[in-house]
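The residues making up each chain are set out below.
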Amino acid sequence: MSLEDALLAWCQQETRSGRRLVIGLNGPVGAGKSTLARCLQQRFAAADLQLAVASIDDAYLPWQQRLEAMAGNPYGVNRVPPGSHDPAALLAGIRPWRSGATQQLELPRFDKTLRDGQGDRVAPWCGAADVLLLEGWMLGCRPLPELQLSSSAVEDMQLDLSPAELIWLQRCNHALKAYEQLWQELDQLLVLWPSDWRWPRRWRLQAEARQRRGGGGWMPAAELDRMVKATLRSLPPVLYQRPVLAGANGVRVLDSRRRCVWEGSGTAALERWAQPCSVSSSATG
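Here is what the cut-offs are and how they apply
Residues numbered from 1 in each chain as written. Predicted model: local features only at pLDDT ≥ 70, side-chain atom pairs only at ≥ 80, totals over all residues. Heavy atoms only, no water. Phe/Tyr/Trp six-rings, centres within 6.5 Å; stacked < 30°, edge-to-face > 60°. Buried < 20%, exposed > 50% of the residue type's maximum accessible area, 1.4 Å probe, protein only. Lys NZ or Arg CZ within 6 Å of the ring centre and 35° of its normal. Pairing = 2+ DSSP bridges. Helix = DSSP H or I, 4+ residues; strand = E, 2+ residues; numbered from the N terminus. Axes fitted to C-alpha atoms, helices over the stretch in contact; angles between N-to-C directions. Contact = heavy atoms within 4.5 Å. Salt bridge = Lys/Arg side-chain N within 4 Å of Asp/Glu carboxyl O.

Asks: Give me the packing of aromatic side chains: which residues, what numbers.
Replies: With the rule as written, the count across this model stands at three aromatic pairs. On the numbers, 5.7 Å between centres and 25° between planes, the contact of Tyr179 with Trp183 is stacked. By relative accessible area, which is 1% here, Tyr179 ends up buried. Positioned over the ring face of Tyr60 is Arg66, at 5.6 Å from the centre of the ring.

See below:
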């Protein structure tokens, strides 16, 4: 049974009793989270279930607050890392919907085309839903003890971070505390896992090229590199993504062309596929 089939069957069983579910989808940039979400929406609709989809990025802070929160980061980005979001904005819609206090699910929305491509909040989405799929590259990532992020500990792991990047990593680790209540709402967690962590940059470049050919908004290569690097170094995968993988209900391992080469439980994936995750310059361009 495929990951999609297993998820649909479980949701059908759980929603019969009136439960409203939140499914998390974690995956690096360019891994195909949006594509999988659209596929799931079609399958759920065919089964007479309404699947709403939101991204953690829909809950970015308003413009000025976001600039202040991201000030001083070594990557020159004003969104993406932990601390650039407002998890409470998602919780404010999810909790009353799950409790049955309201029939409508209200979700924040973010338009990346505003402010010359820097993006800003727009009017929220509101509608009926049986299940919510919440996706994002840092879904489920939790803060680590400070001792694991000391300069000596990071050096021992050969993470190859500059002093400024280490300070930023420690800041991002602290910022993750604000997301924990949102992660607690997840009933299941799915993970798209690259069998080589050099590939997310390539995937994101390919996605930008498709957007450019299609006449959509696109990002210059230098800016794209900064954004991808911000995801891989603000929360190095070996520290933050492997624990997410271990606890995942379902995992799909991807090759360089984003084709599924294996899928199964998080525990089995960790045993078979979780090789050391490099965040060195060779992996980030």
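Asks: Residues and numbers for the sheet that holds strand S5 (residues 131-136), please.
Replies: What links the strands of a sheet is backbone hydrogen bonding, and the strands pair in either a parallel or an antiparallel sense. Judged by pairing direction, the sheet is mixed, and its six strands sit side by side in the order S2-S5-S1-S6-S7-S8 without closing on themselves. At either margin of the open sheet sits one strand with a lone partner, and together these are strand S2 (51-55) and strand S8 (260-264). Recorded for the sheet is a direction-independent mean angle of 15° between the axes of neighbouring strands. Sheet analysis places strand S1 (residues 21-26) next to S5, joined by six bridges and oriented parallel. If you follow Gly24 over to S5, its bridge partner there is Leu134. Sheet strands touched by helix H2 (residues 33-46): S1, S2, S5, strand S6 (188-194) and strand S7 (250-254). Its angle to S2, the strand with the most contacts, is close to 165°. Where helix H12 (residues 266-273) meets the sheet, its contacts fall on S6, S7 and S8, and the angle it forms with S8 comes to roughly 135°.

Asks: Requested: an account of the environment of Gln12, with residues and values cited.
Replies: The residue Gln12 is located in helix H1 (residues 3-15) in this model. Residue classification places Gln12 among the partly exposed residues on the basis of a relative accessible area of 27%. Through-space distance from the C-alpha of Gln12 to that of Val131 is 9.9 Å; in sequence the pair is 119 residues apart. If sequence neighbours within four positions are ignored, Gln12 has contacts with Ala47 and Leu49.

Asks: Tell me about the pattern of salt bridges, and name the residues and values.
Replies: Two side chains that carry opposite charge are able to pair once their charged atoms sit near each other. Per the stated rule, a full pass over the model turns up 16 salt bridges. With its nearest N and O atoms 2.8 Å apart, the salt bridge here joins Arg252 to Glu4. Within this pair, whereas Arg252 is found in strand S7, its partner Glu4 is found in helix H1, the two being separated by 248 residues in sequence. Glu263 is the salt-bridge partner of Arg252, the closest N and O atoms lying 2.7 Å from each other. Linking Arg252 in strand S7 with Glu263 in strand S8, this pair joins segments that are 11 residues apart in sequence. Using a relative accessible area of 27% as the deciding quantity, one classes Glu263 as partly exposed. Among the ionic contacts, a cluster of salt bridges with common partners joins Glu14, Arg19, Arg95, Arg98, Glu185 and Asp187.

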